[in-house]
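# Examining the three-dimensional arrangement
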Amino acid sequence: MASILQAKDLGKQVESGGQPLVILHEVSFTVEPGDSLAILGASGSGKSTLLGLLAGLDVPSSGTVYLNGVDIFSIDEDARARLRGRLAGFVFQSFQLLPALNALENVMLPLELFGAADARERATIALQRVGLAARLSHLPKHLSGGEQQRVAMARAFVVQPKILFADEPTGNLDAATGSQIIDLMLELNGAQGTTLILVTHDEVLAQQCGRQLHLAAGKIVP
Amino acid sequence: MWSAVAFGSREDCAVNTLRLSWLMLRRDWRTGEWRVLLIALVLAVGSISTVGLFANRVGLALQQQATSFLGADLRLVATHPFPPAYRAAALQRGLRVVENATFPSMVVYGQQNVLAKIHAVEEGYPLRGKIHIYDGTDHVAQGIPAPGTLWADKRLLQRMGLQLGNEVVIGELRLRVAARVVRDVDQSIGFASFAPSVLINAADVPASGLIQPGSRISYKILFAGDSAQLDDMRVWLKGQLAVGEKLEDVRDARPEIRTALERAEHFLGLAALTAVVLAGVAMALAASHFIIRHLDTCAMMRCLGATQSQVLRIFMYQFLLLGVLAVLLGGLLGYAAQSVLVQSIESMREAALPPPDWLPLWQAAASGMALLLGFAFLPLWQLKGVSPLRVIRRELGLPPARTSLLYASGAIVLSALFLWQAGSLKLGLTVLAGLVAGLLLFGLLAWLAVHALAWLPLRGSHAFANLARHGRTNALQIVALSLGGMALLLLTFVRADLLESWRGRLPPDAPNHFIVNIQPDQLASIKKFFIQQQLPTPQLFPMVRGRLIAVNDQAISGNDYPETRASRLVEREFNLSWSDHLPTDNTLAQGVWWERGTSSVLSVEEGIAETLGINIGDILTYDVAGSPFSAKVVNLRKVQWDSMQVNFYVITSPDLMKDYSASYLTSFYLPADKAHASDALIKDFPNLLIIDTEAVIEQVRKIMDQIAQTMSAVFLFTLLSGLAVLYAALLATQDERIHQAAILRTLGADSRYLRRLHLTEFAVLGALSGLFAAAGGTLLGWVLAIKVLEIPYHSSALIWLVGVGGGMVTVTLAGWLATRRVARMSPLQVLQSV
C-alpha cells in the first residue's frame, strides 16, 4: 500500500540576529494509512515546525513532503490549501474556533468552504458524535475548554479526513478532560481509519499511538 | 460511520462563500465589530448627501425662478418675424410656445406724449413665472390684457397722471388702461429699459398700424417644456439660427444670486468633507482593528483549505454588503436631514422648494463606496497574505504591508472628493494641501509631546511611559480626536462669529435702489433732492459705455476667446467709470492705485482680467462712441459684487474720460417708510431709471440665512464623525489595554492603580487633542474668514480653555466608560475575554 505521508530530507532554517538558525535538519520518515504517529520532544525541539511542514502550513528550506502521493511543495499555496481541505483535519492546543460562529457553524465551515450541500446535517451528526448535541447554537466563548476541543474535533472529523494533524490537543485542558479528548480522538481515528499525526511532549499520551518519533534540536533521535 | 463528503461544484462554493460572508457579517455585527465602520460610512454618506440634496433643491428652485425671469425656459430673440417652422418644430417636440413682439411707440393721453416700450403678447404668456397686477386689488394676473385694453407700469401712470379706466392712444389704437403692472416677469437687474413699459394683446397689433417695414421691432419666441424636449429644441434651433437671431436661456439670468449660491455650495461641500475626513479616519482605525481581530479566523480558514482568493472574497463580500447597507442608510439619513433642514428654515418652507433630483444621492453613494475602497479595501487586501501557520505559531501577524500604498489609496480618494466638492482645482488642492500639512504637523507635534512627557519627572510616569511606548498610535489618536474637537469648536465658537461677520457684509441698510441715466446737469438737483427727502446723499459715479477693441495693440473680437463668457464680454459694451480714488468697498489684488493727476492708466476687476487674460502692464484700447482711447493696466481690483453697491469692471484715470459725455449712476438705501421718495424722484426727474433691487437683496440675504443654518447641520455630521473617531480609537487600543491590565493585575496592581493609570493616559490624550483642536479651529477659522468669506477674523481666548478642558473631560470620561470593567475583572477573566 502507498504511504499516506512521507517526509524526505525535510529541513527548516531561519535567520536569527543575522545568523542562520537550524530548526529542523534532514528529517525523513514515512507514515502508512491508518497509522498513528506521536512526535515527541522538549520545547524548542522543532516538533511544531515539523507538524506545520507536514501539513503544508509552512514551506521548508530543504526537502519535501508527499501527502497522499502529492509532492506538496511542488504545487502553489492555493493548491496546497485545497489538498488540505480534502485530505486533512486539524486539532490545535488553542482550539482555534472562529469566535463569531456558533458550535454548529464552526463545524459546518470546512464543508461550506467546499460547497457541500448537506453541511448542516453532517455538522449536526458530528457534534452529536462528540457529545455536544445540546450545544449546537453556543458561541465558543460560552463553552468550556473541553467542549471547545470537542467542537474542534467534530470540525476535524466532519470532512472525513484521511489524515488528522493534532498539535498538543490536551495542552490547554486539565488531565481528566485531556484524557477524555484523547480517547475520543483515538476512537474516531480507529472508527474512520484516519491516519493520526500527534505532536505532544506527554510520553504517556504518546504511548497510546502506534509509533513515536523523538525530536531533539531539530533531528530525529532514537 | 459517517458517510463520505460530496464536495460541491465551483458555483456551490461561490454561493457558500457569499452565504458564509453574510453569516459572519451577521455574527460579527452582534459582537460590535462592524459598528464603527458602518457608523462612520453612514455619517460620511449622510453628510455628503445632505449638502448635495439641499444645494440641488435650492439650485432647482433658483432655476425655476430664473425661468420665470425669462418668462420661459428658452427664448429666441430676433429683429424679424420667425418662420412658422420654429413654432411647428416646438409643438412637434411637445413644447409650449408663445410669440411676442416688442417695439417703441408714443403713448398719447390728452396733450401728453411719452415714449414707451410696447410688449404685444399672445395668450399663454408668460410660460414661466407670473405677472402681478393691480386692477383694484393686487393679484396674480390670469391671462393677458383683453383686446382693447392695456396694462401699464407705474412709471407711465405717474408720468402721465393716468388712472385705471383712462383711455390712451397708441398708433391707431384706442386702449383702456385696465391694470397697473406691479411686477412683470423680466425685471431682473441689468434690464435697463429707460422707457416705461406697456403690455397689450397681440391681437390688437395689426389694427395699430405700428408694424411697418423699417419699424424697430424685437420679436421673441418663448418655449417651455421638460429638459429633454428643451435640449432637443436647443440643438435644432442652433442649426437653424439666421443672422439677427439670438438664443437666450436661464443661464443668463440673475448672475448675482447664482454667484452667491455657487459660493455657498462649494463652501458647504468643503465643510461636509470635514465629516468625510473624520469618517475616513474612523474607518481606517476600525478596518485595521477588524483585520487584527480576524487574523486567527483567516489563518484557520486557510488551514481548513480555503484559498487566498476565497478568504479575500469572504471578507470582501462582507465589506461590500456593509457598504451597500451604509450607503442606503446614509442616503436615507441625508434625505431626512435635508427635509428637516428645509422644514426648519422658514423662508424655505414658504418657498415650497421642488423635490431634489436623484443625482446627489448617487454622488453620495459613489463617494461612500470610494471611501470604503480607499480606507478599508486595501487594508483588507493584507488578510489575503495571512499564513496558515499562524494556527500553531500565534506570533505570526500580518504580512508586511505597503503602508505607503495604504496611505496613498486613502489620500487619492480624499483628493478626488475635495477636488469635486471645491469645484475648482486651485481651491480643492489648497484646502487639501492645508489639511494634509496640518495633519502631518499635528501628528509630529503629538508624537513629540507624548515622548516629551515621558521624560518629565512627573507623578503617573508609568502612564506617560505607556503613552510614549505607543507613540505612533497615540499620535494618530490625538490627530483624529483633535479633528473631531476642531469641528466642535468651529461649530460653537468660530461659526457664530464668522456668520455674523459674513452677514454683516450685507448690512440691513445695503442699497436697495439704483438710479441710472442721471445727466451731468442734474447732479446738483439730485443731491438737493436727497437732502430735501432727508436721505443720505449718495455717491454719484460717472459712466460711459465703451467696447474693448484691442489688447496690446492687437485687435480682438469675440471669436478670439473660446470661452463663452469671455467671448460675450468682448462683444458687449462695458460700463467704464473714472476716479482718482479706489472705491471704498474695493480692495487692490495686484499693483498700486495711481497718484492724483496720473494720466492714461486703468484699473481692472480681477475676475474679468482672469477671464480675458489681462495682466498688469497690458495696454487696452476701448472704443467709446466711435472714438478710441488706449491706456495701461496698473492694478487689478477685488470687487464684492454681492454688496449691492455700484461697481465697475474698469475704472480709468479722469483724464481719459473728460472729452466723453457721461451719464451718472448711484445706489442708495430707501427705508420702507420713505418709499414715496422714489415716486417723487420719478416725477421730478422723468428721464431717470430707478431700479428697485429690494427683491434681489432679500433673496441674497435669504440664501445667506439658509447657508448659515445648513452649515450647522453639516457641522453636526462633523461632530458625530468626531465621536466615531473617538469610539474607533478607543476600540482599536482596547484589547491591548485589557491585556496589559491583566498582566499588571497578575503582578499585583490593584484596581485603583489601574484606574489611575488609564485615567491619566486618557486625560493626557484628551488634553493634547483639545490643544490641537483649539489650534486647528483657530487656524481654520482664520482661513475661512480671510480666504473664503473675505471678512476680518478675531480669535477668542475661550476656545483654548474649552478645547483643552473639554478634550480632557470628554476623552477621560469615554475612556473610563470603555475600560471601567477591566479594573474590576479577575486577570484570568480579562485574558479570556481578549
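Here the structure is a predicted model, which means the values were calculated and not measured.

Cut-off values and rules
Residues numbered from 1 in each chain as written. Chains lettered and ligands numbered in written order. Predicted model: local features only at pLDDT ≥ 70, side-chain atom pairs only at ≥ 80, totals over all residues. Heavy atoms only, no water. Helix = DSSP H or I, 4+ residues; strand = E, 2+ residues; numbered from the N terminus. Buried < 20%, exposed > 50% of the residue type's maximum accessible area, 1.4 Å probe, protein only. Contact = heavy atoms within 4.5 Å. Areas by Shrake-Rupley, 256 points an atom, 1.4 Å probe, with all protein chains shown as cover. Axes fitted to C-alpha atoms, helices over the stretch in contact; angles between N-to-C directions. Parallel < 35°, antiparallel > 145°, perpendicular 65-115°, else oblique. Left-handed = near helix turned anticlockwise from the far one by under 90°. Pairing = 2+ DSSP bridges. pLDDT = per-residue confidence, 0-100. Salt bridge = Lys/Arg side-chain N within 4 Å of Asp/Glu carboxyl O. Polar contact = N/O pair within 3.5 Å; in protein donor to acceptor, adjacent residues only side chain to side chain. Phe/Tyr/Trp six-rings, centres within 6.5 Å; stacked < 30°, edge-to-face > 60°. Nonpolar A, V, L, I, M, F, W, Y, C, P; charged D, E, K, R; others polar.

Attention shifts here to the overall build of chain B. Scanning chain B from N- to C-terminus turns up 23 helices and 22 strands. Out of the 834 residues in chain B, the part that is buried amounts to 51%. Residue pairs in contact within chain B that sit at least 24 positions apart in sequence constitute 81% of those at least 6 positions apart.

This part is about the overall build of chain A. Summing up its helical and strand segments, chain A has seven helices and ten strands in all. The buried share of chain A, reckoned over its 222 residues, is 57%. Of the contacts formed within chain A by residues at least 6 apart in sequence, a portion of 70% connects residues at least 24 apart. Split by element, the accessible area of chain A, about 8,500 Å² in all, is 50% carbon and sulfur.

Another aspect to go through is the packing of helix α8 (residues 295-303) of chain B against helix α9 (residues 308-344) of chain B. All names here are of chain B. As a packed pair, α8 and α9 sit with axes 10 Å apart at the nearest point and diverge in direction by 140 degrees. Considering their axes alone, α8 and α9 lie oblique with respect to each other. Taken as a pair, α8 and α9 cross one another with a handedness that is right-handed. Packed against α8, whose contacting residues are Thr297, Cys298, Met301 and Arg302, the element α9 presents Gln308, Val311, Ile314 and Phe315 at the interface.

Residues and elements named next belong to chain A. Pairing is antiparallel in the open sheet, where four strands are placed in the order β2-β1-β4-β5. Looking along the sheet, the strands with just one partner apiece sit at the ends: β2 (19-31) and β5 (70-71). Bridging between strand β1 (residues 5-16) and β2 involves nine bridges; their strand directions are antiparallel. By the bridge assignment for β2, glutamine 6 is matched with threonine 30.

The next thing to look at is the confidence of the model for chain B. Residue and element names in this part refer to chain B. Averaged over all residues, the pLDDT of chain B is 79; the fraction at 70 or higher stands at 83%. Segment residues 188-193 is flagged for pLDDT under 50; beyond a separation of four residues in sequence, or across chains, it makes eleven contacts in the model. As a predicted assembly, this complex carries a pTM of 0.64 together with an ipTM value of 0.81.

This brings us to the interface of chain B and chain A. How big an interface is tends to be reported as the loss of accessible area on association of its parts. Counting residues at the interface gives 37 residues for chain B and 45 residues for chain A. Remark: the boundary between chain B and chain A carries three salt bridges. A salt bridge links aspartate 78 of chain A to arginine 302 of chain B; its shortest N-O distance comes to 3.9 Å. There are five residue pairs in polar contact (both at pLDDT 80 or more) connecting chain B and chain A.

Quick look at the packing of aromatic side chains now. All names here are of chain B. All chains considered together, the criterion is met by 15 aromatic pairs over all chains. Centroid distance tyrosine 86 to tryptophan 236: 5.9 Å. Interplanar angle 80 degrees. Geometry classified as edge-to-face. Here tryptophan 236 lies in helix α6 (residues 227-240) and tyrosine 86 lies in helix α3 (residues 84-92), a separation of 150 residues in the sequence. With a relative accessible area of 3%, tyrosine 86 lands in the buried category.

Here we take up the environment of proline 354 of chain B. Residues and elements named next belong to chain B. Looking at the secondary structure, you find proline 354 in the loop between α10 (346-351) and α11 (359-381). When its relative accessible area of 10% is taken as the criterion, proline 354 is described as buried. Along the sequence, proline 354 and alanine 61 sit 293 residues apart, while their C-alpha atoms lie 6.2 Å from each other.

It is worth spelling out the packing of helix α3 (residues 103-113) of chain A against helix α4 (residues 119-129) of chain A at this point. All names here are of chain A. In contact at an axis separation of 9 Å, α3 and α4 are set at 125 degrees when each is read in the N-to-C sense. Judged by the inter-axis angle, α3 sits oblique to α4. The element α3 and its partner α4 pack so that their crossing is right-handed. Packed against α3, whose contacting residues are Ala103, Leu104, Val107, Met108, Leu111 and Glu112, the element α4 presents Ala119, Arg120, Arg122, Ala123, Thr124, Ala126 and Leu127 at the interface. When its residues are assigned to classes, the contact of α3 with α4 shows nine nonpolar, one polar and three charged.

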